[in-house]
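Residue-level structure breakdown
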Amino acid sequence: MNIAVDGPAGAGKSSIAKLVAKKLGIIYVDTGAMYRTLALGCHKNNIDVDDESSVSDAIRGFEIEIAYKDGVQNIFLNGENVSETIRQEEIGKKASSVARYSAVREKLVEMQREMAGKQSVIMDGRDIGTVVLPDAELKIYLTASVEVRADRRFKELKDKNVPADLEEIKKDIETRDYQDMNREVSPLKKADDAIEVDTSDMTIDEVVDKICSLYEKN
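Fair warning: this is a prediction, and the values are worked out from it, not measured in the lab.

Reading the values: the criteria
- Residues numbered from 1 in each chain as written.
- Predicted model: local features only at pLDDT ≥ 70, side-chain atom pairs only at ≥ 80, totals over all residues.
- Heavy atoms only, no water.
- Helix = DSSP H or I, 4+ residues; strand = E, 2+ residues; numbered from the N terminus.
- Salt bridge = Lys/Arg side-chain N within 4 Å of Asp/Glu carboxyl O.
- Buried < 20%, exposed > 50% of the residue type's maximum accessible area, 1.4 Å probe, protein only.
- Polar contact = N/O pair within 3.5 Å; in protein donor to acceptor, adjacent residues only side chain to side chain.
- Contact = heavy atoms within 4.5 Å.
- Axes fitted to C-alpha atoms, helices over the stretch in contact; angles between N-to-C directions.
- Parallel < 35°, antiparallel > 145°, perpendicular 65-115°, else oblique.
- Left-handed = near helix turned anticlockwise from the far one by under 90°.
- Nonpolar A, V, L, I, M, F, W, Y, C, P; charged D, E, K, R; others polar.
- Pairing = 2+ DSSP bridges.
- Expected span 1.5 Å × (residues − 1).
- Arc of directions from axis to C-beta.

Let's shift gears to the environment of Asp-209. As for its placement among the helices and strands, Asp-209 is situated in helix α9 (residues 204–217). In the structure, Asp-209 is positioned 121 residues away from Gln-88 in sequence and 30 Å away in space, judged by C-alpha atoms.

As structure tokens, then:
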């Protein structure tokens, strides 16, 4: 049984999906990490992420591997574990750019479907319920207000002692929302049969319990 979790940047998809996976004893697939990994490859090779042709050519030489250790996803780019490196803010912005291109999505969607076909998974991203796993038994559209998402990200960076500007983060989120929702290939949108969960006024535990409850009812 597969769970598809979609929603905008900063809605808490990854954090919540990890906890749900642990509670249900299924595999968590972080698709955002895959896009970030390709974006990192472009960054390392000085590829302009706004040049679709250059990105499409470059990713042919990028080999992505995913391995699980104690239930935690580790992602490798050409043999190098980049699980931490891809979390940089700059890479996140570039990931939103490269995700617009059909060659990028085709490369990763194939990997994602193959993983979901082998075992029960919870997979989060922007187009999981609409494109990647349209037949998923449970689809969740996770959202929260821009203000709440920006504040969460701000606190997360401050906790890591990373300099951050709340207004700048808010602008970045609004820009990424616009890009994700208006791109030509697989735009972010709620699947017709998805259940919307607004996490603005919910704790992580409340959201996890709700999704697990919905899973058990299927």
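Let us keep going from here.
A complete count under the given rule lists 19 salt bridges for this structure. Between Asp-209 and Lys-23 there is a salt bridge, with the nearest N and O atoms lying 2.6 Å from each other. Here Asp-209, found in helix α9, pairs with Lys-23, found in helix α1 (residues 13–24); they are 186 residues apart in sequence, far enough to count as distant. Judged by its relative accessible area of 41%, Asp-209 falls in the partly exposed class. Classification of Lys-23 by relative accessible area gives exposed; the value is 52%. Of the charged contacts, one joins Lys-44 and Glu-80 as a salt bridge, the two residues approaching to 3.7 Å between their closest N and O atoms. Placement of the pair is Lys-44 in helix α2 (residues 31–44) and Glu-80 in strand β5 (residues 80–81), with a sequence separation of 36 residues. Overall, the relative accessible area of 45% leaves Lys-44 in the partly exposed class.

Before going further, it helps to spend a moment on the side chain of Asp-30. With respect to the secondary-structure elements, Asp-30 resides in strand β2 (residues 27–30). Overall, Asp-30 belongs to the buried group, its relative accessible area being 4%. Side-chain polar atoms of Asp-30 contact the backbone nitrogen of Ala-33, separated by 3.1 Å. Each residue touching Asp-30, except ones within four places of it in the same chain, is listed here: Ser-14, Gln-73, Arg-87 and Asp-124.

The subject of this paragraph is the packing of α1 against α9. Running from N to C, α1 and α9 cross one another at 50 degrees; their axes reach a closest spacing of 9 Å. Here α1 is positioned oblique relative to α9, judged by the angle of their axes. The chirality of how α1 crosses α9 is right-handed. Contact residues: α1 offers Ile-16, Leu-19, Val-20, Lys-23 and Leu-24, while α9 offers Ile-204, Val-207, Val-208, Asp-209, Ile-211, Cys-212, Tyr-215 and Glu-216. Its residues placed into classes, the contact of α1 with α9 shows ten nonpolar, no polar and three charged.

Spatially, three strands are ordered β3-β4-β5 in an open sheet, and the strand pairing comes out antiparallel. On the outer flanks of this sheet lie β3 (64–69) and β5, each paired with one strand and no other. Strand direction decides the pairing type here: β3 and strand β4 (residues 72–77), joined by six bridges, are antiparallel. Bridge pairing in β4 links Ile-64 to Leu-77.

Strand order in this open sheet of five strands is β2-β6-β1-β7-β8, and the pairing throughout is parallel. Of all strands in the sheet, those bounded by a partner on one side alone are β2 and β8 (195–198). Adjacent strand axes in the sheet meet at a mean angle of 20 degrees, parallel and antiparallel pairs treated alike. Summarising the sheet, strand β1 (residues 3–6) and strand β7 (residues 138–143) pair through four bridges and their orientation is parallel. Paired with Val-5 across the two strands is Ile-140, which belongs to β7.

When the terminal C-alpha atoms of α2 are compared, their 20 Å separation across 14 residues agrees well with the 20 Å that a helix rising 1.5 Å per residue should span. Most of α2 is tucked away: eleven of the 14 residues are buried. Its side-chain oxygen 3.1 Å from the backbone nitrogen of Gly-32, Asp-30 forms the N-cap of α2. Positioned one or two residues after α2, Asn-46 has a phi angle of 55 degrees, which is positive.

As a further point, take helix α7 (residues 146–159). The end-to-end C-alpha distance of α7 is 20 Å, a good match for the 20 Å that 14 residues give at a rise of 1.5 Å each. Within α7, the full set of buried residues consists of Val-146, Arg-149, Ala-150, Arg-153 and Leu-157. Each buried residue of α7 sits inside an arc of 100 degrees when the element is viewed along its axis, so together they form one side. Residues of α7 that are buried make contact with α4 (89–98) and α8 (166–182).

In short, geometric facts, not functional conclusions.
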